[in-house]
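Letter by letter, the chains look like this.
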Amino acid sequence: MNYKLLTLVCLAVLTLETGFAQTGGVLNTNDLKRYVSEFNEQDKEEAVINMVPNAQSFEWLSNNIPLFDAPDSAIERIYYFRWWAYRKHIKKTPEGHVITEFITPANHAGKYNAISSGLGHQINEGRWLHNQQYIKDYIHFWFYIDPKHKAQRFHAFSSWIQDVVYDYYKVHRDKQFLANLLPDLDADYEKWEKEKQAPNKMFWQYDVRDAMEESISGSRTAKNIRPTINSYMYGNAKAMVEMAELFDNDTLEEKYEEKAEFLRKAVHEKLWDDTASFFKVQYEKGGLCDAREAIGFIPWYFNLPKDKPKYAKQWDQILDTNGFNAPWGLTTAERRHPEFRTHGSGHGCEWDGAVWPYATTQTLKGLSNLLTDYKHHGKMTKQVFYDEFHKYAMSHQMNGKTYIGEYQDEKNGEWLKGDHPRSKFYNHSGFADLIINDLVGLKPRADNTLEVNPLLPEGQWDWFCLDRVPYHGKMLTFIWDKDGSKYGKGKGFRIFADGKEIAKSDKLKKIKTKLI
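Residue numbers here run from 1 along each chain, matching the order of that chain's written sequence. Given that this is a predicted model, residues contribute local features only at a pLDDT of at least 70 and side-chain atom pairs are listed and counted only at 80 or more, while totals for whole chains, interfaces and linings are drawn from all residues. Note that water and hydrogens are dropped before the side-chain values are worked out from all heavy atoms of the structure.

Draft legend 1. Structural context of the pattern of salt bridges. The term salt bridge refers to a pairing of a side-chain nitrogen on Lys or Arg with a carboxyl oxygen on Asp or Glu at a separation within 4 Å. Scanning the model with the defined rule gives 34 salt bridges in all. Residues Arg-336 and Asp-320 are paired through a salt bridge, measuring 2.8 Å at the closest nitrogen-oxygen approach. Placement of Arg-336 in the loop between β7 (329–330) and α12 (357–373) and of Asp-320 in the loop between α11 (309–312) and β6 (325–326) is noted, with a sequence separation of 16 residues between them. Ionic pairing is found between Lys-411 and Asp-409, a salt bridge with its closest N-O pair at 3.7 Å. On the basis of relative accessible area, Lys-411 is assigned to the partly exposed category, the value being 49%. Here a helix means four or more residues in a row that DSSP labels H or I, a strand means two or more in a row labelled E, and each is numbered from the N terminus. Burial classes: relative accessible area under 20% of the type maximum marks a residue as buried, over 50% as exposed, and values in between as partly exposed (1.4 Å probe, protein chains only).

Draft legend 2. A look at helix α8 (residues 175–196). Working rule for helices: expected span equals 1.5 Å times residues minus one. An ideal rise of 1.5 Å per residue puts 32 Å on 22 residues; α8 measures up with 30 Å between its terminal C-alpha atoms. Bending is quantified residue by residue as the angle between axes fitted to the seven-residue window ending at that residue and the seven-residue window starting at it. Of all the bends found along α8, the most pronounced is centred on Leu-181 and spans about 40°, while Pro-183, a proline, follows it within four residues. Where α8 is concerned, the buried positions are Phe-177, Leu-178, Leu-181, Leu-182, Leu-185, Asp-186, Asp-188, Tyr-189, Trp-192, Glu-193 and Lys-196. Throughout, a contact is declared for two residues whenever any of their heavy atoms are within 4.5 Å. Looking at the buried residues of α8, the elements they touch are α6 (133–145), α7 (161–172), α9 (227–246) and α10 (250–271).

Draft legend 3. The arrangement of the sheet that holds strand β12 (residues 474–481) in detail. Ordered in space as β1-β11-β12-β13-β14, the five strands form an open sheet in which the pairing is antiparallel. Edge positions in the open sheet fall to β1 (67–69) and β14 (500–505), since each of these has one partner strand only. Strand-to-strand, the axes of this sheet are offset by a mean angle of 15°, without reference to chain direction. Between any two strands, at least two bridges found by DSSP are needed for them to pair. Here β1 pairs with strand β11 (residues 463–471) via three bridges, running antiparallel. Across the sheet, Phe-68 pairs through a bridge with Leu-466, a residue of β11. The axes are straight lines fitted to the C-alpha atoms, using for helices just the contacting stretch, and the angles between their N-to-C directions are given from 0 to 180°. Packed onto the sheet, helix α4 (residues 73–88) meets β1 and β11 and runs at close to 165° relative to β1.

Draft legend 4. Examining the state of the cysteines more closely. By definition, disulfides here are pairs of cysteine sulfur atoms that lie within 2.5 Å. Across all of its chains, the model carries zero disulfides by this definition. No disulfide involves Cys-349; its nearest neighbouring cysteine sulfur is the one of Cys-289, lying 19 Å away. By relative accessible area, which is 10% here, Cys-349 ends up buried.

Function cannot be read off these values alone, since they describe shape.
What follows is the structure in structure tokens.
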């Protein structure tokens, strides 16, 4: 037996599972332990146990998640709560790991209770785990395991799978994993074209298959052309262009450049309502829906809209209390519309105005892109982003306990499914990723440049630390310490890779540097 090789393999496995915990980051796990004890105490019944039970949650989280320290206790608490809840949804199966949406069995789920509607959020969140086998298995499940089953669920819902797989690659740069997937990503896109492409070459979808049923503009029978699936497919096409370029596949690159450019032009021409200043649903029977809906913000999730003031003006609606601004979050339809919240409270799944964390995640991502990648922001500022994100954090409560469910009343925060078992720990949105990728602003890239563009408003926090973030085979630490007294690493904004400082600035601002 080659004991040297066996030792190396064992060390590699240990490193994979314990990550930066062995290299001594800036933060310790004391806060994590305190939060986990609190969350475990609130979940004494632990009705469903998957791979990691509550009793082992602290150990598992200590070995797998980036640590976060911030003066905003609400945001910090929910950061840890969402990781604690996410862990509940990791299920080990004979065919690899899957990430579930519902903690209890769902009638419309496939094998192992897997549902594809939230997979984009689930993968984006999970890409920051130290052990990436869970996410690799989950991606593998949808492409190679789900198709084996009689009741296939991959295309039961629209998704941005090509986009999210490429975003995953940009964090971990596992080129072989991506190379193996590329033909199947291509075939998957073509399958969507066969299933959902309208005569005008745009994409149609039922609202229920967008995971957004009972919407004002939606239908379970009409083939409406929606900003959702058309934005997803644009993002997917753009990702295919980037992946094809990575592998020097000129034919594939040209194929998807044409598709992406067509969709970008078509969304502007067919779905933009110049009078309402909003991207809307186009009915199969003709004409645009008269309602502004949150799905109109999704094009910015993929940087689809042109960088012009007329399009940025759409975002004014999230400041308007007659638009999407409500006490408990951003609504899924404009509040002034006569059909707002008319589809029956607590029945079905109302996307006609109720607050959905799924949609909030998409809208905040779109706003982040507007502020980061566009010159024209309209009335949008970092403060707007922060205020809405803080409101999102504060919404994670019910009956005095920390909670995440399906959807909420916009005025009083009531979870409209109550404490129904299917709603509890609902894994259908993102939160930690919004902190890492957007608030702190780590922008993954395929090259060796580290780009960080924080969205924290000037003067909002005097300090924060995001520690043990896996990126390009290294562990990153981000510290903002206004006067240098909090962490003892010097004042200002500082970035470390494997404990070595690689960039610093007196101000909390965009930084681009080479990873070394």
